[in-house]
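An overview of the molecular structure
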Amino acid sequence: MSESAEDTVEVHIDTESLIAAAATRFVDVVVAAQAERGTASVVLTGGGTGIGLLELVRKSPGDIDWSNVDFFWGDERFVPAADPERNDLQAREALLDHVPVDPARVHPVAASDGEYPDPIEAAAEYSTAVHAYLAEHGSFDLHLLGMGGEGHINSLFPDTDAVRETHDLVVAVTNSPKPPPVRVTLTLPAIHRTRHVVLVVGGAAKADAVAAAISGADPVDIPSAGAVGLESTTWLLDQDAASALQLPD
């Protein structure tokens, strides 16, 4: 993270306002990137809040030029293409199937029943797309992240090889503690190639991990502590998720 990078914590009254704030942040970052560079890139997350914010963006897209946005995913469950657990499928149903995106600029992880049935090969194929984009553009514009109760982000779980990865941008995970066990994920080095990182977290069960991450925990123990953007890192929390923080009045 650069010395000028901003680290912000925003607390919202409930889940609805949390998701609305995340959707607004999505639109603002994309529109600003396109105004500056003509194009933008977003790394999507799944889960209820991640999909909920996409549904709001679909309804209120502002001045986004959908034909000039590249879409990636922070992680993907390595399941068949039609499996409703796939983040790709959920994102298409919530947003991508309803806006005029360029199909060539949507970069999903291969499905388990597709051309790359081995997760290591699927990770390598996805890595090629990630490296090609970053070689041309330098960084992603926006990386959206949810967080689990133990502090995991993407498919980077505490005390695992994936969260310890310091070089590769994409890895296969074959023993995820959360089902399904096989996944493909971006790593912390990939997150660090992002201008604006936004973590969207709700619920009291996540409060202790939120507090630990913001207080500077070791990312091996609390992976979300390692989610740091080049220009900004923003924690969007509901009141329950923020309940263990010591915030100024």
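Presented here is an overview of the structure given in this document. (Residues numbered from 1 in each chain as written. Predicted model: local features only at pLDDT ≥ 70, side-chain atom pairs only at ≥ 80, totals over all residues. Heavy atoms only, no water.)

That bond from P179 to P180 is cis: its omega, -5°, falls within 30 degrees of zero. With respect to the helices, strands and loops of the structure, P180 is situated in the loop between β6 (170-173) and β7 (183-186). Non-glycine residue D159 carries a positive phi angle of around 60°. (Helix = DSSP H or I, 4+ residues; strand = E, 2+ residues; numbered from the N terminus.)

Further remarks concern the pattern of salt bridges. Under the criterion given, the structure shown has 10 salt bridges. In this structure, E36 and R37 form a salt bridge, with 3.4 Å as the shortest nitrogen-oxygen distance. Judged by its relative accessible area of 33%, R37 falls in the partly exposed class. (Salt bridge = Lys/Arg side-chain N within 4 Å of Asp/Glu carboxyl O. Buried < 20%, exposed > 50% of the residue type's maximum accessible area, 1.4 Å probe, protein only.)

Before going further, it helps to examine helix α1 (residues 15-37). Its 23 residues give α1 an end-to-end C-alpha distance of 33 Å, which sits within 8% of 33 Å, the value for a rise of 1.5 Å per residue. Positioned one or two residues after α1, G38 has a phi angle of 85°, which is positive. (Expected span 1.5 Å × (residues − 1).)

One recurring pattern in soluble globular proteins is that nonpolar side chains are buried together. Counting residues in each nonpolar core, the largest one holds 51 residues, and the members touching the most others are F26, L53, W66 and F71. Counting residues per element, this core draws most heavily on α1, at 10 residues. Not counting chain neighbours up to four residues away, the residues in contact with F26 comprise V42, L44, L53, L54, V57, I64, W66, F71, L142 and L144. Counting 25 residues, the second largest nonpolar core, distinct from the first, contains M147, V173, V210 and A227. (Core = buried A, V, L, I, M, F, W, Y, C linked by side-chain atoms within 4.5 Å. Contact = heavy atoms within 4.5 Å.)

With that settled, consider the sheet that holds strand β3 (residues 69-73). Spatially, the 6 strands line up as an open sheet ordered β1-β9-β8-β5-β2-β3, and their pairing is parallel. Of all the strands in the sheet, the pair left with one neighbour each is β1 (6-12) and β3. Going across the sheet, the axis of each strand differs from the next one's by a mean of 15°, ignoring polarity. Two strands pair when backbone bridges link them, and strand β8 (residues 194-201) and strand β9 (residues 232-238) are joined in this way by 6 bridges, in the parallel orientation. Looking at the pairing, L199 lines up with W235 of β9. (Pairing = 2+ DSSP bridges. Axes fitted to C-alpha atoms, helices over the stretch in contact; angles between N-to-C directions.)

A word on the environment of D75. Inspection of the secondary structure assignment puts D75 in strand β4 (residues 75-77). Judged by relative accessible area, which is 7%, D75 ranks as buried. For the pair D75 and G46, spaced 29 residues apart in sequence, the C-alpha separation works out to 8.4 Å. Once residues lying within four places of it in the same chain are set aside, the contact partners of D75 are N87, N154, S155, R183, V184 and T185.

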